[in-house]
Amino acid sequence: MAPSPLTPPRRRALTDLRAKSLPRDDPERLTTHLRTVHAAVAQIEARIAAAGIIATEPLFWVLVRAAALLHDAGKIAESFQRQLEPGAEPWGERHEVLSLAYVDLLAPAADWTAEERLLIATLVAGHHRPLHAASSLGGGKPALSRQYNERTRWDEAFGRRPGLDGGPQVPRGLHQELLAWLAGFLGTEPAPPRPGDPPLADRARLLLQEVLTTWREPVKAHRGLIAVLAQGALTLADHAGSAHVDLQTHMPLPLDYLARLPYTAHRHQQDAADTVGHLVLIAPTGSGKTEAGLAWAARQLATMTGLPRLVWTLPYRASLNAARHRFAGTLQPAAGQERPDIGLLHGALARTLLIEALEDDCCGPTKDDARKARARANAMRLFTQRLRVATPHQLLGAAIAGPTHSSVLLEQANSLFVLDELHAYDPETFGRLCAAMRLWEQLGSRIAVLSATLAPPLLDIVDESLHQPVTCHRAAPGTAPVRHQLVVDDLPLTHPDSIERLESWLGDGRSVLVVTNTVATAQDLFTALADHARQARPDDPHAALLLHSRFKNQDRDAIETRLLARHPERRPDEPGHRGGLVVATQAVEVSLQLDFDRGAVDNAPVEAVAQRAGRVNRRGLHPDGAVEFRVHRTEGHRPYDAGAVEAAWSALTTLVGEGVTTLSEQDIDRLLHLAYDTDWGHDWAQRARQARDGFTTEFLTFTDPFHDRTEHAKSLGERFDTVEVLLREDAQEYRQLAIGKKADPLLAAGLLIPLRYGQLKTYNATFDRALGVHLIDGDYDPVLGLRPPAEPETIL
């Protein structure tokens, strides 16, 4: 039976106090939870240590540990303890506000300075809710300054219990018992009570007012960033302690990685491994760029403090699983594991889990308690591994900060960031990434940029964005043999003559890669060519494959698996033609180690054209020598900037007009020079710098570190023009996989489909707040993917 507020409470001892309503048979004790979160801080400190700006605050971790010990002390309140019982009414007050009274009581005994006391109080007060609303409308959950103000009746909130008995929220004996326990943990003794001491409610009120006043107006950027990082440390420790999950210490990347390669390292790989500090590596596709990046990271691990994390970023979500599987198959598992644990969680689900994990028991036990506990455990998958693959959008979500994302920001301290294929971004995204690099450097992290095609203006912007030296290495000329005979074709890929040529290649038994710029064109070309490819290889179940970004993640993973098995890199002794057709969009350009006999592609920015070529005769081992690679003029420019596509076509036709018929490394450098030495190229560089500086000012200064930044999440997604959506028909399955009893975040993420923000209306999208994703209407097929709402005319 639910306790009535009129029922006198039973007398509680310290060991009776609970922090959670779970597990039902023996809910976690408050002192156990405080000890666990305190211990979790030590794990986080071991990982991050005194890296970057944290080194400027020698007591950073001491103060975070103190906040961890005190953050939930306010759960001593009788009304909080009662609400943990089944069927109880919610208390309605914030336990972290009452916790401030214990910060105030212990400050003299712990000998904290006024500034140290204030930071501890700030962390305690802000570990669930923002202190201030961002605007008159607010953002997410109500800020503390809205709930507690001049209209608050503090004695009713925290002094006396509601009901006829009106007894104290915190009985004197129990209060003294908890205070002594906390003081003992801090290695001190509490001051004895004196006549005239303010009650706990007044102590909480006065300290909250001090905290709110301090952070109401903008502060210096250094102070704000330190405070946000400390908040991140506390919320991460609370996540880990609540989920009872330890941070992994094993790094799958061995320190002697380069020596373990089954071949003699290339010069550029050795150069990368010898570099200490930031790196830019420019090397052709198929020359071991990934291995060079890993060798660089292994070198840094031996020269950095703590237990650095390695974050490998790729431009497309479609590339993440391929990279994860590649690392899991080649790196070193921990003792007792069959495969190394490589972190991966897609952005939309990650944000949902972080928000769910932040929920606490201040609303009393509900049917959702188990769901919240699972969310906490699953959210820890964002943090526990030391090697993770991600997109930049996921990383830059840390700019939201606040209780939800400050832990993501903290985890970017003392880390290694490998930005693979940095050339693939538009100028605004590139600029924001450069702003993030500058912040990562401030957090004591190191950055490596890997690319087959990095134009000089891009290299200049990376170099000027970082304060520490950037070492640039290029693969030696001739590292990759001449692999392609370049043909520039004025006819579009969809022209009947172009299709007839593709059919001829397939009929001759050649494996053919066709890359288009849009999903709709890829779907139509695949429909036109697939039967021809299957007729040429009747016994091959994977004779025709389609890959683009608009598949469910789980379907795209399966397609990638079939692709890699069907079209792997050619072996030196492999004779003849392979047959088979793959039609793809830019999703095929990154991380997939594929190899084809012939290639025909839409004209695109120079970097994209070069990446597409890198999937044709990848290592130059084809028995025919250099093979035909055909670039077709396009009738439109989407999804690229029109200037980029025009500059690329002008560069390609200029190169061919100069008598060049190959596409060597030197030829690609020439194309980049021609494309970027144009009005478009100069404008590109200016837009990138403006985006970098604007993003820094708007998102990465943290001068208002404890204001609600919820609205930034939507703004950030729109800036990146990216969102993950769910078919309405999959909503129930997603709910079970994301937050059900057998929740598995990776399986849930498998149902999501990447879209651009601008396409949401096209698919009648509505946002489901409970699931944290947009639901869409759409015609979906596991072979063709998500079709455009209005069926276009076929190309035939």
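See the structure shown above.
Residues numbered from 1 in each chain as written. Predicted model: local features only at pLDDT ≥ 70, side-chain atom pairs only at ≥ 80, totals over all residues. Heavy atoms only, no water.

Got a sec to walk through the overall build of the protein? Specific residues and values, please.
Summing up its helical and strand segments, the protein has 29 helices and 18 strands in all. Summarising the internal contacts of the protein: among those between residues at least 6 apart in sequence, 78% fall at separations of at least 24. For the protein, the exposed area adds up to about 30300 Å²; of that, 51% sits on carbon and sulfur atoms. (Helix = DSSP H or I, 4+ residues; strand = E, 2+ residues; numbered from the N terminus. Contact = heavy atoms within 4.5 Å. Areas by Shrake-Rupley, 256 points an atom, 1.4 Å probe, with all protein chains shown as cover.)

Residue-level account of helix α22 (residues 553-566), with values.
With 14 residues, α22 extends 20 Å between its outermost C-alpha atoms, agreeing within 8% with the 20 Å of an ideal straight helix rising 1.5 Å per residue. Within α22 the residues assigned to the buried category are Asn553, Asp555, Arg556, Ile559, Glu560, Leu563 and Arg566. All buried residues of α22 lie within an arc of 155° about the axis, which places them on one face of the element. (Expected span 1.5 Å × (residues − 1). Buried < 20%, exposed > 50% of the residue type's maximum accessible area, 1.4 Å probe, protein only. Arc of directions from axis to C-beta.)

So, the environment of methionine 304: which residues are in play, and what are the values?
Relative to the helices and strands, methionine 304 resides in the loop between α12 (289-301) and β2 (309-313). When the C-alpha atoms of methionine 304 and serine 415 are compared, they prove to be 9.2 Å apart, with 111 residues separating the residues in sequence. In contact with methionine 304, not counting residues within four places along its chain, are Asn414, Ser415, Leu416, Gly444 and Arg446.

Tell me about the nonpolar core, residues and numbers included.
Ranked by internal contacts, the top residues of the largest apolar core, which has 192 residues, are Tyr102, Leu182, Phe430 and Met437. In terms of residue count, the dominant contributor to this core is helix α10 (residues 221-243) (11 residues). In this view, phenylalanine 430 contacts Leu422, Tyr425, Leu458, Ile461, Val462, Trp684 and Ala688; residues no more than four positions away in its chain are not counted. Core analysis: the second largest hydrophobic core is formed by 34 residues, Leu253, Ala298, Phe327 and Leu416 among them. (Core = buried A, V, L, I, M, F, W, Y, C linked by side-chain atoms within 4.5 Å.)

Tell me about the side chain of glutamate 569, residues and numbers included.
Inspection of the secondary structure puts glutamate 569 in the loop between α22 and β10 (581-584). Of the polar contacts made by the side chain of glutamate 569, one reaches the side chain of arginine 618; its length is 2.5 Å. At a separation of 2.8 Å, a polar atom in the side chain of glutamate 569 contacts the side chain of arginine 619. Contact partners of glutamate 569, with chain neighbours within four places excluded, come to Arg578, Gln593, Asp595, Arg618 and Arg619. (Polar contact = N/O pair within 3.5 Å; in protein donor to acceptor, adjacent residues only side chain to side chain.)

Describe the pairing of strand β1 (residues 278-282), naming the residues involved and giving the relevant values.
β1 sits mainly inside the fold: 5 of its 5 residues count as buried. Side chains His278, Val280 and Ile282 of β1 all project onto a buried face; the interleaved residues Leu279 and Leu281 project onto the opposite face, where all are buried too. In this sheet, strand β6 (residues 470-474) lies alongside β1 in parallel orientation, the contact comprising 5 bridges. Residue pairing in the sheet places leucine 279 in a bridge with threonine 471 of β6. Pairing of β1 with strand β5 (residues 446-451) involves 4 bridges; the strand directions are parallel. Looking at β5, one finds that leucine 279 is bridged to alanine 448. (Pairing = 2+ DSSP bridges.)

So what's going on with the packing of helix α23 (residues 606-613) against helix α25 (residues 665-676)? Which residues, and what values?
Contact geometry for α23 and α25: axes closest at 10 Å, N-to-C directions at 160°. When the interaxial angle is binned, α23 and α25 end up roughly antiparallel. Crossing of α23 over α25 shows right-handed handedness. Contacts between α23 and α25 involve Val606, Glu607 and Ala610 on the former and, on the latter, Ile668, Leu671, Leu672, Ala675 and Tyr676. (Axes fitted to C-alpha atoms, helices over the stretch in contact; angles between N-to-C directions. Parallel < 35°, antiparallel > 145°, perpendicular 65-115°, else oblique. Left-handed = near helix turned anticlockwise from the far one by under 90°.)

Got a sec to walk through the sheet that holds strand β7 (residues 484-489)? Specific residues and values, please.
Hydrogen bonds along the backbone pair up the strands of a sheet, which may run parallel or antiparallel. If you trace the 6 strands from one edge of the open sheet to the other, you get β7-β12-β11-β8-β10-β9, paired in parallel fashion. Looking along the sheet, the strands with just one partner apiece sit at the ends: β7 and β9 (544-547). Averaged over all neighbouring strand pairs, the angle between strand axes comes to 15°, with direction disregarded. Two elements, β9 and β10, share 4 bridges in a ladder whose sense is parallel. Looking across to β10, one finds that leucine 547 is bridged to alanine 584. α23 contacts β7, β8 (512-515), β11 (598-602) and β12 (627-632) of the sheet and is inclined by roughly 150° relative to β12. Packing of helix α24 (residues 642-657) onto the sheet brings it into contact with β7 and β12, and relative to β7 it is tilted by some 115°.

Any chance you could break down helix α20 (residues 496-507) for me, citing the residues and the numbers?
Taking 1.5 Å of rise per residue, the 12 residues of α20 would be expected to cover 16 Å, and the 16 Å separating its terminal C-alpha atoms lies within 8% of that figure. Its buried side turned inward, α20 meets β8, α21 (519-536), β10, β11 and β12. Residue glycine 509 follows α20 closely and has a positive phi angle near 85°.

Break down the packing of helix α18 (residues 427-442) against helix α19 (residues 456-465) for me, with residues and values.
Between α18 and α19, whose axes approach to 9 Å, the crossing angle comes to 30°. Comparing the axis directions of α18 and α19 gives the class roughly parallel. α19 is crossed by α18, and the crossing has right-handed handedness. Counting all contacts with α18, which are made through Phe430, Cys434, Met437 and Arg438, the residues of α19 involved are Leu458, Ile461, Val462, Glu464 and Ser465.

Outline the side chain of arginine 94, listing residues and values.
If you trace the backbone, arginine 94 turns up in the loop between α3 (78-83) and α4 (95-110). Residue class for arginine 94 comes out buried when judged on its relative accessible area of 4%. Of the polar contacts made by the side chain of arginine 94, one reaches the side chain of glutamate 96; its length is 3.1 Å.

Function cannot be read off these values alone, since they describe shape.
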